[in-house]
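Fold and geometry: a report
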Amino acid sequence: MDLTPMNKQTETVLNYHNRTKHSLERYAKGPESIDWEDQPDQFRRFSGCEIVTLPKPGAELEPLFADLDNPEAIPAKPLNITNAGLLLELAFGLSAWKQFGPSRWALRCNPSSGNLHPTEAYLISTGESLIKPGVYHYVSHDHSLEQRCRFEGILPDSGILIGLSSIHWREAWKYGERAFRYCQHDIGHALGALRYAAATLGWSVELLAEWSDDDIAKLLGLDRDDFKKQEHESPDIICRIHAHDDSKPFDTKGLLETAQSGTWFGKADSLRAYHMYKWPVIDEVSTAASKPRTEEPERQAIRRPPRMAEVSQSVGNRCDQHTIKSPCTKTATKIIRQRRSAQQFDGKMPPMPQTDFYRMLAAVLPTTAAFELWHWPPKIHLFIFVHRVEGLASGIYALPRHNDALEPLQAATLVDFDWQKVSEAIPLYHLYSGDCRQIAKTLSCHQPIASDSAFSLGMVAEFSETIQETPWLYRRLFWECGLIGQTLYLEAEAAGIRGTGIGCYFDDSVHEILGIKDDKFQSLYHFTVGKPLEDQRLETLPAYGHLNDFV
Ligand SMILES: Cc1cc2nc3c(=O)[nH]c(=O)nc-3n(C[C@H](O)[C@H](O)[C@H](O)COP(=O)(O)O)c2cc1C
C-alpha cells in the first residue's frame, strides 16, 4: 500500500497502540526486573536558576466543592503571587506524605500511574504585576519556582500561562512500552486538576489548542540542550489562565519571539536512575503523534458552559425525584487535597445511593463546567460495570457522551445488549443484567479494585476515524480520558467514597466482552469507584511539613 507521510505516522501510532495492549496471555513489553532503589527522581530540578519561594501552601478558600458547578458565581481572586502559588499547589502540589517503615513517599493533588509523576508544570508570566516576566518551572516538593527564562523587552501583559510536559522515561522505567499511554492519561488528569484549582479561585482555563508541540517546546525551553539525553521533556499542553473577565487577544508570535530572545538559566539535574532498559517505540510514537500548528474553531476566551444546576434541575424534575446537585458541604480546597486513589475497596459495602451515581455520571457529560475548556465533540464514552448501586440491577450499562455516538456504539457492540434507557435526564442505557464482578476484575489485570467497588468502567474511544488523518489526536483521546478520570476522582471524594484510575486492563478482552470487533472503538482507560479500606499500617504526614521557612 502506498502510504503518504501522514498515513505512515498513523501507522506508527496504530502499531504502537496494538503492541502495547495487555492480554491475558502476555503483558505489554516492560522491564524484566525493577530495582526500587534505582527509581528515577520524582522531582525535577534545574541547577543554576534563581529560586522564587512561593507563599506558604495550605490556604483554605471559601467556595464549596458544590459551588464549582457554577464557576461564574465564584468571585475571582486577584491575580497575585499568593493566588498563583495556590493555583499551582492545588493542581500539582503535594497533598500528603505516606510512610511505611523506612519508606516514605509523597502524594500530589494530581494522580499519576504508579505515582511516578512524569508530568512537569511551568508558569509563564507575561506581566510585571505577579512576578518578573519569564518562564518558571514549578518544583512541587519545595513549592517554589525556578526561573528558567527572563524575558527582555516589553510584552503585552496577558497574565499567566501554564505549560505541561512529560518525561516519558520516568514512567517507562517501570511500565516499559505502555508508559507513553500513561503519560498521556496523566496529562489529562493534570489538566483536570488545573481546571478545578482555577475554578476554586474563580478563574478559568483556556486551552491554547492551536499551538504546535514545537511552539510549546520553544516557550518552555524544552528544545534547549539543558537535559540529559533520555531525560528530556516532551511538550504537551499550553493554557492561558483567565483571572478576570477579560478576553484580550493573545500574541502567540510575540510571546514565542520574546522567549527565544530571552535569557535562559539552568540545566536539568539528572533523574539519577540508571537507564538499564531502552524503549525506542516510545520515541517513535512520540514523534509520530507530535502535534503541528493547527487552526482551531474560534472560541470565546471564557466560555460559560450550561450550568450543572440546570442539569440538576432537569434530573430533579424528570428522574424519579432524584436531584443530582452535589450534597457535598466540604470546601473545594479540602476535596482537592484529600483526593487519593483507593488501594482496596470494601467488597461488602451497601449499595451506593443512586443519586450519587447519577451525579457522578452527569458530572462527566461534556456540557458541564468541568469540560468548559474542552472545545471538541466528545470522543470518549463509558461502559459501566455496575456492582453495587441502589435501585439498579447489577450488570453492564453505557453512557454515550453525545447523541451521535449512540447508534455507532449500538452497531459496534453485542446484539444481545438491550440498550434500555434508564434515565430521562442523563443518557444512561442498560445493556445487560448479571453479576459482572469477576469479569470486571479479570479484565482489569485481575485487580480486586475493579470488582469490590460500587462500579467500575471502561472509557471507550471513537478511535480509528479520529486518528486516521490526524495521528496526534491519539494523545488527545487519552487526555480526554484523564479529564474524565479526574472529575470522577473528585466527585467520588465529594460523595464520601473514593476512586482509582486503572491503566492496567486487558485491551482486547474488554473489546470481546462488549462485542467490539475492530478498532473503530477502543477502550483507553478504566476507572473504579467504591468504599475504600484504609491500610492502617501506613502513616500519613502533612504535605509540606518538611519545609519550615516559608515567606
Ligand atoms: C493513568 C493512571 C492509571 C492508574 N492505574 C492504576 C492501576 O491499574 N491500579 C491501581 O491500583 N492504581 C492505578 N492508578 C492509581 C495510582 O497508582 C495513583 O494515582 C498513585 O499511586 C498516586 O496516588 P494517589 O492517586 O493517591 O495520589 C492509576 C492512576 C492513573 C492516573
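Residues numbered from 1 in each chain as written. Predicted model: local features only at pLDDT ≥ 70, side-chain atom pairs only at ≥ 80, totals over all residues. Heavy atoms only, no water.

**Thoughts on the overall build of the protein**
Counting its secondary structure elements, the protein contains 15 helices and 20 strands. The globule rule puts the C-alpha radius of gyration for 551 residues at 24 Å, and the 22 Å found for the protein is close to it. Within the protein, buried positions represent 62% of all 551 residues. Considering only contacts within the protein whose residues lie at least 6 apart along the sequence, 81% involve residues at least 24 apart. On the protein, roughly 22000 Å² of surface is accessible, and the fraction owed to carbon and sulfur atoms is 50%. In the protein, 58 side chains carry a positive charge and 73 a negative one; their mean positions are 3 Å apart. (Helix = DSSP H or I, 4+ residues; strand = E, 2+ residues; numbered from the N terminus. Rg over C-alpha atoms; globule rule 2.2 N^0.38 Å. Buried < 20%, exposed > 50% of the residue type's maximum accessible area, 1.4 Å probe, protein only. Contact = heavy atoms within 4.5 Å. Areas by Shrake-Rupley, 256 points an atom, 1.4 Å probe, with all protein chains shown as cover. Lys, Arg positive; Asp, Glu negative; His and termini not counted. Charge placed at Lys NZ, Arg CZ, Asp CG, Glu CD.)

**Observations concerning the pattern of salt bridges**
It is possible for side chains bearing opposite charge to pair when their charged atoms get close. Counted according to the given criterion, the structure contains 28 salt bridges. Between Lys21 and Asp508 there is a salt bridge, and its shortest N-O distance comes to 3.0 Å. Highlighted residues: Lys21 in the loop between helix H1 (5–19) and strand E1 (46–47) and Asp508 in helix H15 (residues 507–514), separated in sequence by 487 residues. Overall, the relative accessible area of 41% leaves Asp508 in the partly exposed class. Asp435 is paired through a salt bridge with Arg437; the nearest N and O atoms lie 2.8 Å apart. A cluster of three or more residues bridged by salt bridges with shared partners is formed by Arg148, Arg224, Asp226 and Lys267. (Salt bridge = Lys/Arg side-chain N within 4 Å of Asp/Glu carboxyl O.)

**Observations regarding the sheet that holds strand E4 (residues 103–108)**
Taken in spatial order, the three strands make up an open sheet running E4-E3-E20, and their pairing is antiparallel. Strands with a single pairing partner mark the edges of an open sheet, and in this sheet they are E4 and strand E20 (539–541). In this sheet, adjacent strand axes meet at a mean angle of 30° when their direction is disregarded. Here strand E3 (residues 94–100) runs beside E4; their pairing, made up of six bridges, is antiparallel. Opposite Ala96, over in E4, you have Leu107 as the bridge partner. (Pairing = 2+ DSSP bridges. Axes fitted to C-alpha atoms, helices over the stretch in contact; angles between N-to-C directions.)

**Observations regarding the site of the ligand**
Taken together, 22 residues form the shell around the ligand, and within it Arg339, Ser341, Gln447, Gly501 and Gly503 come nearest. Ser112 places a polar main-chain atom, nitrogen or oxygen, 3.3 Å from an oxygen atom of the ligand. Within the side chain of Arg339, an N or O atom sits 2.8 Å from an oxygen atom of the ligand. Protein chains bury 87% of the 610 Å² of accessible surface belonging to the ligand in isolation. Looking at the shell around the ligand, the elements that each hand over two or more residues are E4, helix H4 (179–200) and strand E18 (498–502). In the shell around the ligand, the residues fall into seven nonpolar, 11 polar and four charged. (Near = heavy atom within 4 Å. Polar contact = N/O pair within 3.5 Å; in protein donor to acceptor, adjacent residues only side chain to side chain. Nonpolar A, V, L, I, M, F, W, Y, C, P; charged D, E, K, R; others polar.)

**Observations regarding the nonpolar core**
By size, the foremost hydrophobic cluster in this structure holds 140 residues, and its most contacted members are Leu87, Phe92, Phe357, Ile384 and Met459. Sort the elements by how many residues they give to this core and helix H14 (residues 473–494) lands first, with 12 residues. By size, the runner-up hydrophobic cluster in this structure holds 24 residues, among which are Tyr122, Leu222, Phe227 and Phe250. (Core = buried A, V, L, I, M, F, W, Y, C linked by side-chain atoms within 4.5 Å.)

**Comments concerning the state of the cysteines**
Inspection of every chain in the model, using the stated rule, returns one disulfide. Two residues share a disulfide in this structure: Cys445 and Cys504, whose sulfurs sit 2.1 Å from each other. When the S-S torsion is -90°, as for the bridge of Cys445 with Cys504, the disulfide is left-handed. A residue pair is termed long-range when its members are at least 10 positions apart, and Cys445 in the loop between helix H12 (437–443) and strand E17 (455–462) and Cys504 in the loop between E18 and H15 qualify at 59 residues. Here Cys149 stays free of any disulfide, with the sulfur of Cys49 as its closest cysteine sulfur at 10 Å. Residue Cys149 is classed as buried on the basis of its relative accessible area, which comes to 0%. Among the cysteines around Cys239, which has no disulfide bond, Cys109 carries the closest sulfur, lying 17 Å off. (Disulfide = S-S within 2.5 Å.)

**A word on the packing of aromatic side chains**
Within the structure shown, the criterion is met by 16 aromatic pairs. Relative to Trp173, the ring of Trp36 has its centre 5.7 Å away and its plane inclined at 75°; by these criteria the two rings are edge-to-face. In this pair, Trp36 sits in the loop between H1 and E1 while Trp173 sits in helix H3 (residues 168–175), placing the two residues 137 residues apart along the sequence. A centroid spacing of 5.0 Å and a plane angle of 80° characterise the contact between Tyr474 and Phe478, whose relative ring orientation is edge-to-face. Here the residue Tyr474 and the residue Phe478 both occupy positions in helix H14, the gap between them amounting to four residues, near one helical turn. Note on accessibility: Tyr474 and Phe478 belong to one class, buried. Among the aromatic residues, ring-to-ring pairing joins Tyr16, Phe180, Phe463, Tyr474 and Phe478 into one connected group. Residue placement shows Arg44 over the ring face of Phe46; its charged tip is 6.0 Å from the ring centre. (Phe/Tyr/Trp six-rings, centres within 6.5 Å; stacked < 30°, edge-to-face > 60°. Lys NZ or Arg CZ within 6 Å of the ring centre and 35° of its normal.)

**Here we look at the sheet that holds strand E14 (residues 395–399)**
The seven strands are arranged E15-E16-E14-E13-E17-E19-E18 in an open sheet whose pairing can be described as antiparallel. The strands lining the two open edges of the sheet, one partner per strand, are strand E15 (420–421) and E18. Of the strand pairs in this sheet, strand E13 (residues 380–386) and E17 are connected by seven bridges, and their pairing is antiparallel. Along E17, the bridge assignment pairs Leu382 with Met459. Its contacts with the sheet place helix H10 (residues 354–363) against E13, E14, E17 and strand E19 (521–530), and it is angled at close to 165° to E13. Sheet strands touched by H15: E13, E14, E17 and E19. Its angle to E19, the strand with the most contacts, is close to 90°.

**Brief notes about the packing of H4 against H14**
Viewed as axis vectors pointing N to C, H4 and H14 meet at an angle of 50°, and their least axial separation amounts to 7 Å. The angle between the axes of H4 and H14 places the two elements in the oblique class. When the axes of H4 and H14 are compared, the crossing they make is right-handed. Residue-level contacts link Phe180, Arg181, Gln184, His185, Ile187, Gly188, His189, Leu191, Gly192, Ala193 and Tyr196 of H4 to Tyr474, Arg475, Phe478, Trp479, Cys481, Gly482, Leu483, Gly485, Gln486, Thr487, Tyr489 and Leu490 of H14. Considered class by class, the residues forming the contact of H4 with H14 number 12 nonpolar, nine polar and two charged. (Parallel < 35°, antiparallel > 145°, perpendicular 65-115°, else oblique. Left-handed = near helix turned anticlockwise from the far one by under 90°.)

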